[in-house]
Every structure is written in C-alpha cells, then in structure tokens.
Amino acid sequence: MNLARLLSETASRHPDKPAVIFEGTSHSYRDFDRQVERYAAMLQAEGIGKGARVAVQLTKRMEFLYLHFAVLSVGAITLPLNPEYREGEVGYFLSDSGSSLYVTDAERFRRAAGAIRGLKEVRTLLVDDAVVEGAGSLPDRLASTPSRFRRTYPTGGDDVAMICYTSGTTGRSKGAMITHRNLVSNMLALSDAWEWTEKDVLLHVLPLFHVHGLNVATHGSLYAGSTIVMHGKFEPRIAWEALEKERCTLLMAVPTIYQRLMGEWEKLERKPDLRGMRVFISGSAPLADNLFHRFERATGFRILERYGMTETGMNTSNRIDPAYRKARSVGDPLPGVRIRVVGSDGKDVLLGDVGEVWIRGDNVFQGYWGMHEKTRESFVEGWFRSGDLGYQDPNDGGRLYLVGRAKELIISGGYNVYPKEVENVLESHEAVKESAVVGLSDEEFGEKVAAVVVLKDGRGSVAPEDLAAHCRERLASYKCPREIGVVPELPRNAMGKILKNRIVEDLQRIPRS
Ligand code: MCA
Ligand code: AMP
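Only a predicted model underlies this, so the values are computations on that prediction, with no experimental measurement involved.

Procedures and definitions
Residues numbered from 1 in each chain as written. Chains lettered and ligands numbered in written order. Predicted model: local features only at pLDDT ≥ 70, side-chain atom pairs only at ≥ 80, totals over all residues. Heavy atoms only, no water. Helix = DSSP H or I, 4+ residues; strand = E, 2+ residues; numbered from the N terminus. Rg over C-alpha atoms; globule rule 2.2 N^0.38 Å. Buried < 20%, exposed > 50% of the residue type's maximum accessible area, 1.4 Å probe, protein only. Contact = heavy atoms within 4.5 Å. Areas by Shrake-Rupley, 256 points an atom, 1.4 Å probe, with all protein chains shown as cover. Lys, Arg positive; Asp, Glu negative; His and termini not counted. Charge placed at Lys NZ, Arg CZ, Asp CG, Glu CD. 1 Å grid on protein atoms, 1.4 Å probe; cavity = no way out; pocket = protein on both sides within 12 Å on 5 of 7 lines; lining within 4 Å. Points joined across faces, edges and corners; volume = space filled by probe spheres on them. Nonpolar A, V, L, I, M, F, W, Y, C, P; charged D, E, K, R; others polar. Near = heavy atom within 4 Å. Polar contact = N/O pair within 3.5 Å; in protein donor to acceptor, adjacent residues only side chain to side chain. Pairing = 2+ DSSP bridges. Axes fitted to C-alpha atoms, helices over the stretch in contact; angles between N-to-C directions. Right-handed = clockwise from strand over helix to strand, strands pointing away. Arc of directions from axis to C-beta. Salt bridge = Lys/Arg side-chain N within 4 Å of Asp/Glu carboxyl O.

(A) Looking closely at the overall build of the protein. Scanning the protein from N- to C-terminus turns up 15 helices and 27 strands. For a compact globule of 513 residues, the expected C-alpha radius of gyration is about 24 Å, and the protein comes in at 23 Å, within 12% of that figure. C-alpha extents for the protein along the principal axes are approximately 70 × 60 × 55 Å. Counting only residues that meet the buried cut, the protein has 58% of its 513 residues in that class. Long-range contacts, defined here as pairs at least 24 residues apart, represent 65% of the contacts in the protein between residues at least 6 apart. By element, 48% of the accessible surface of the protein is carried by carbon and sulfur atoms, the whole surface being about 22000 Å². Once the 68 positive and 68 negative side-chain charges of the protein are each reduced to a mean point, those two points are 2 Å apart.

Next comes the structure, spelled out in structure tokens:
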C-alpha cells in the first residue's frame, strides 16, 4: 500500500472536516487532498517520478505537507531536511542522496547557494515569490500546471518512501531508507495502541522534518481522520491556551517541551481546563521521572512515554490505560514489533539484565542509502541493533526500561548530535590540533553539547568565541557546542583512547554562570 493513497482514501470519508488548522486557518480534508493532487501534478510535470529524491528544507508550513504527500503520490522519495542546516550540510545531503529537486525558501537557497551550484543535476524551487537566479518558483510552477491529473501511486510496499538522514558515528550522516510498509505498519500499530479516532484533536508543536512530528503525529492523525491544530513554533503559553480553547485531546512532544510547559504552568494565573484531554505523549529522548511526577501532580495526567528511532519508527509504548503507565519505562513492543535484549556475546541476556535492544518487524527500515557496509553492521540475522541499552523488568510484566546508549550519541532537546561530526568541524579550524565533544546533562535540554580542544603549537591565543563562530557557520545551531574549553591535552587511557567520561566529569566540576 502506498501511504499517500491510503491517506487520500481516508480523506474522502470526511471531506468537510478540518484536517489541519494551521495557525488558525482551517484546511478541510477535501482541500488538503486537492492541494496534494495539485502538487503531484506539478511534480509530474517537472519530471519527478518513481524513485526520484525530493529534498524539502522548509520551515513548518502547509506547503511542506502538500509536497510530502505529493512526492509519495508520484512514487518519489521525500528527503526532509532541518531548516537549520548550513551550506555544507545541505550540499552533502543533496549530493549523497542524488536529489533531483530541492524545495526551499529564498533565504535558505542563498545560504546554501555555494554548495548547490556545483550540483548540476539538482533543480531548486522556492516556495516564496522571491526571484533568485538559479532557482525556479514553486507558486509559478503550480499556476502553470494543467489541472486535469489523476494520481497513479506507482510505488508501495517495500519501495522507499522517505530518506531521513541521521547523524553518523563517523561524522558522515546516514540516510535511513524508510519504506511505505514501514510507514503504514507503524501508523496502524500506533492507531491501535493509542486508540486514535476521528474524535481526536492533536496539538502539533513539533518540527515536520523528523519522524516524530511527521510520521508519528501527522500521518497518524490524518489516518484517524482527526484534526491537527498546528503551531508554526512551540510557545508554552500559547500551547496551554490552545489545549483548552481548541478542545485538544492529544499532545505529542519531547521532554524539553514538557519541561517548558511545566515552567509556564507555574506562571499561569488560571490553569487551563484540560477535561477534553485524553493523553500527553512523550518520546525522542528520556523523560526524567521527576518531570513525569511533577506533570502528574500539576495536571492530573500521567505522560505516556514511547520509544522510537528514525530507522524503526516507534518500537515500544506504554499502554493507553493510565494505570499501567510507569515513569522511566518505555513500555511494551507495539503490535508487530519484536524486541530482544542482547549481551556483548550476541546472546539474549537474562530477563532483568541490561543489554543492547535489538528490533525486528515491518517497522524496521531497509538500510542506509548507499552505505552497504554500515547497513550490514547494523543488522544481525535480520535484527536491527538499536545502540540503546535497556532491560526488561521481570517484576514488571517484562516492560522495557532504557538505561543508556552503546552509541556515542548526544540527544539535545530531542535532536541527535553525533560528537564526531562536531569534532570534524572543530578540527577543520586552522588552530585546532584535536578535540573531544561530549554531552553534559542539562535540565532543559536533557543533554547539551560541550567541547574541549587542544590547540596546535604556538596557537595558544584562539578565543573559544572564534571556535564557536566557526561551528555556527558550518553546523545547525543545535549541534554547536554551548561550552568550549581549551586544554593542554586530552585525557587518554593506556591504549590512547580518549576518556570522554573524564572530560564530562571535569567540565561538570567547573562552576558555570
Ligand atoms: C533549539 N536550540 C537548541 C535546541 N533547539 N539547542 C540545543 N538543542 C535543541 N534541541 C537553540 C537554538 O539553536 C537557539 O540557539 C536557541 O535554542 C533558541 O532557538 P529556538 O528555535 O527559539 O528554540 P525552540 O524553538 O524553543 O526549540 C526548542 C524545542 C526544539 C521546541 C525543544 O528543539 C524542538 O522542537 N525539538 C524537538 C525535536 C524533535 O522533534 N525531535 C524528534 C526527532 P541560539 O540562540 O544560540 O541560536 S525523531 C526521534 O528522535 C525519534 C524517531 C523519536 O523517538 O521520536
Ligand atoms: P533518532 O535517531 O532521532 O531517531 O533518535 C533515536 C534515539 O532517540 C533512540 O535510539 C534513543 O536513544 C532515543 N529515544 C527515543 N525515544 C526515547 C525514549 N522514550 N527514551 C529514551 N530515549 C529515547
């Protein structure tokens, strides 16, 4: 089944209902579906068909959604990109994926122009009306597209629907190939598990370019025939107001958002009426148990935590029955998903012991785009190695608890940062000999990025601000170190391996303002 076809069919069951209310403007299922069809006609006229990669680097807006479903309708592949990505990052994603089309806005096109100029096979369309040399206009193309068109949905099942780049351990991001089967099976599993119906109203405050905001929240809501109240940007006060005023029933967010919601709650003179709310859902990063309890004490709601990955969609979830939800647990495998907890010997650990979580099911992606070796390393006999460490509690029905990561990954506010990528950028500075990037625990973001650098001989005077500016030019800002220390040497063990734990301890010992 092609995901876009499935969603178009569900749209036809309640054409007049609002599908998305974006910043106060309502878009019915009929209008939404017509726009998708119009965009699909435009893409086809542009020569975009089966298997073509279409990179979409847009801020949160309706055009993003129309394009995504239109891309899937013509059998092409959506490549969602964080609007924060800088020139080098965009250049890499477009060339690595062999994208034919890049849809963005004038500001981002200008920012990435240097990298794009060298990519002769990539055409650019801008969503705004700006006229910029080297790019076409999406509104103009739509206006000149013939209106008679029927979507044919030439792909489905094991055809790739999306390539989502996740940061790589070597510093090179990997494009996770997500198929229609992955998307549809996970959407159906969540629809069941969370008892999603057309009566639901979802408050959507997440970015659209990630699995959480797009595949989980948006696909699931459109499939259920419910309504999405979509905010362009998350603002805690506006979110609380909307939950009451729009009679929302669902919120999906990352722990940093719950942290900010709680901060705001205390400032509200009148607490919102949440009687319409059904469930608050959290994921993408660990939800601290004090936040879980604080939220429950304040609002009366137990947050439902679930566990997912770009490569697998959602793996496990707490149950919809609040009595069964527990702080720190990410719940049980979703229908159709199997998990194992495996030791370093490749065998299942004893129930209750910590090991790496391995995953199998229709939710598991097809592999990394163009990286056969990386794909091979990530699977053992059909099981995907998540790199997450956890245990299944025998005294607790075997539900899963995550305790850490075997992979060197920092999760800041729900965004992943691989230290190697940041180290590569720091080390591209002419004064830096070597660097080490670590995650420091942070109340608001869960973890924050920090770095220590060793300078080349005779370069004792480079200011950390210069290094920070160097990073900002080359990396999306959430990846940039919030703290940079200059040290004479990096701590190493006898084998020469950098002792990152020591660096974390040292950085955390230094009092900060
Ligand atoms: C913003 N900033 C951050 C982050 N977000 N710094 C570190 N980590 C972050 N996550 C910085 C900006 O660079 C900027 O810095 C300053 O904070 C203010 O930026 P602003 O845009 O105003 O921040 P915000 O809009 O308030 O963003 C905070 C946020 C956002 C709402 C928590 O980070 C967010 O939407 N996170 C959700 C990410 C997500 O959807 N992840 C799902 C991945 P400066 O001023 O210095 O420039 S999918 C996934 O993980 C799997 C599948 C799963 O299980 O879901
Ligand atoms: P991403 O690559 O952005 O898809 O991030 C996936 C990673 O986020 C997982 O491998 C986990 O490390 C982490 N993650 C997602 N959900 C949770 C959760 N509920 N608790 C802890 N970590 C999580």
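(B) Quick look at the layout of surface pockets. Looking at the second largest pocket, its volume works out to about 260 Å³. Around the second largest pocket sit 13 residues that line it, and Glu408, Leu409, Ile410, Gly439 and Glu447 are the ones nearest its centre. Only β25 (432-442) and α15 (500-509) provide two or more residues apiece to the lining of the second largest pocket. Grouping the amino acids of the lining of the second largest pocket by side-chain chemistry returns six nonpolar, two polar and five charged.

(C) Region of interest: the site of ligand 1. Around ligand 1 there are 24 residues in total, and Arg260, Ser284, Ser412, Arg472 and Ser477 lie nearest to it. Ser284 has a polar side-chain atom sitting 2.6 Å from an oxygen atom of ligand 1. Here ligand 1 loses 77% of its free accessible area of 1000 Å² to cover by the protein chains. Elements with a minimum of two residues in the shell around ligand 1: α8 (211-224), α10 (255-265) and β14 (304-309). If you tally residues by element for the shell around ligand 1, the top one is β14, at three residues. Counted by class, the shell around ligand 1 contains nine nonpolar, 10 polar and five charged residues.

(D) Molecular detail of the sheet that holds strand β27 (residues 483-486). Strand order in this open sheet of three strands is β25-β26-β27, and the pairing throughout is mixed. Only two strands of the sheet have a single partner each, and these edge strands are β25 and β27. Within this sheet the neighbouring strands show an average axis-to-axis angle of 25°, counted without direction. Sheet analysis places strand β26 (residues 446-455) next to β27, joined by four bridges and oriented parallel. Note on β27: the bridge partner recorded for Val453 is Val486. Those strands touched by helix α13 (residues 419-427) are β25, β26 and β27, and its axis lies near 140° from that of β25. In this fold α15 packs onto β25, β26 and β27, with an angle of close to 65° to the strand it touches most, β25.

(E) Main features of the environment of Tyr85. Note on placement: Tyr85 falls in the loop between β4 (77-80) and α4 (87-97). Judged by relative accessible area, Tyr85 falls into the buried class, the value being 8%. For the pair formed by Tyr85 and Lys479, sequence separation is 394 residues and the distance between their alpha carbons is 9.9 Å. When near neighbours in sequence (up to four residues on either side) are disregarded, Tyr85 contacts Gln57, Val90, Phe93, Arg111, Ala476, Tyr478 and Lys479.

(F) Examining the pairing of strand β6 (residues 123-126) more closely. Strand direction decides the pairing type here: strand β5 (residues 101-104) and β6, joined by four bridges, are parallel. Opposite Leu101, over in β6, you have Arg123 as the bridge partner. Tracing the backbone out of β5, into helix α5 (residues 106-117) and back to the parallel element β6 gives a crossover that is right-handed.

(G) How the structure looks around unusual backbone geometry. A positive phi angle, close to 45°, is found at Glu23, a residue other than glycine. By the secondary structure assignment, Glu23 is in the loop between β1 (18-22) and β2 (25-28).

(H) Representation of the site of ligand 2. Near ligand 2, the surroundings consist of 16 residues, among which Arg306, Thr310, Asp388, Lys407 and Asn416 are the closest. Measuring from an oxygen atom of ligand 2, one finds a side-chain N or O atom of Asp388 at 2.6 Å. Between ligand 2 and Lys407 there is a distance of 2.6 Å, counted from an oxygen atom to a side-chain nitrogen or oxygen. When isolated, ligand 2 has an accessible area of 490 Å², and the protein chains bury 91% of it. For the shell around ligand 2, the residue count by class is seven nonpolar, four polar and five charged.

(I) Just helix α14 (residues 464-474), in detail. What α14 keeps buried is the set Leu467, His470 and Cys471. Along α14, the residues classed as buried sweep out an arc of 95° about the axis, all on the same side. Seen from the buried face of α14, the exposed residues on the opposite side, beyond 90 degrees, are Glu465 and Glu473. Against α13, β25, β26 and β27 lie the buried residues of α14.

(J) Looking closely at the pattern of salt bridges. Taken as a whole, this structure holds 36 salt bridges when the rule is applied. Where Glu264 meets Arg237, a salt bridge forms, and the shortest distance between an N and an O atom there is 2.9 Å. Separated by 27 residues along the polypeptide, Glu264 in helix α10 and Arg237 in helix α9 (residues 236-245) bring together distant segments of the chain. A salt bridge links Glu447 to Arg405, with the nearest nitrogen and oxygen atoms 3.1 Å apart. Highlighted residues: Glu447 in strand β26 and Arg405 in strand β22 (residues 399-405), separated in sequence by 42 residues. For Glu447, a relative accessible area of 18% puts it in the buried group. For Arg405, a relative accessible area of 25% corresponds to the partly exposed category. In the salt-bridge network here, residues are joined through shared partners; they are Glu408, Lys420, Glu423 and Lys500.

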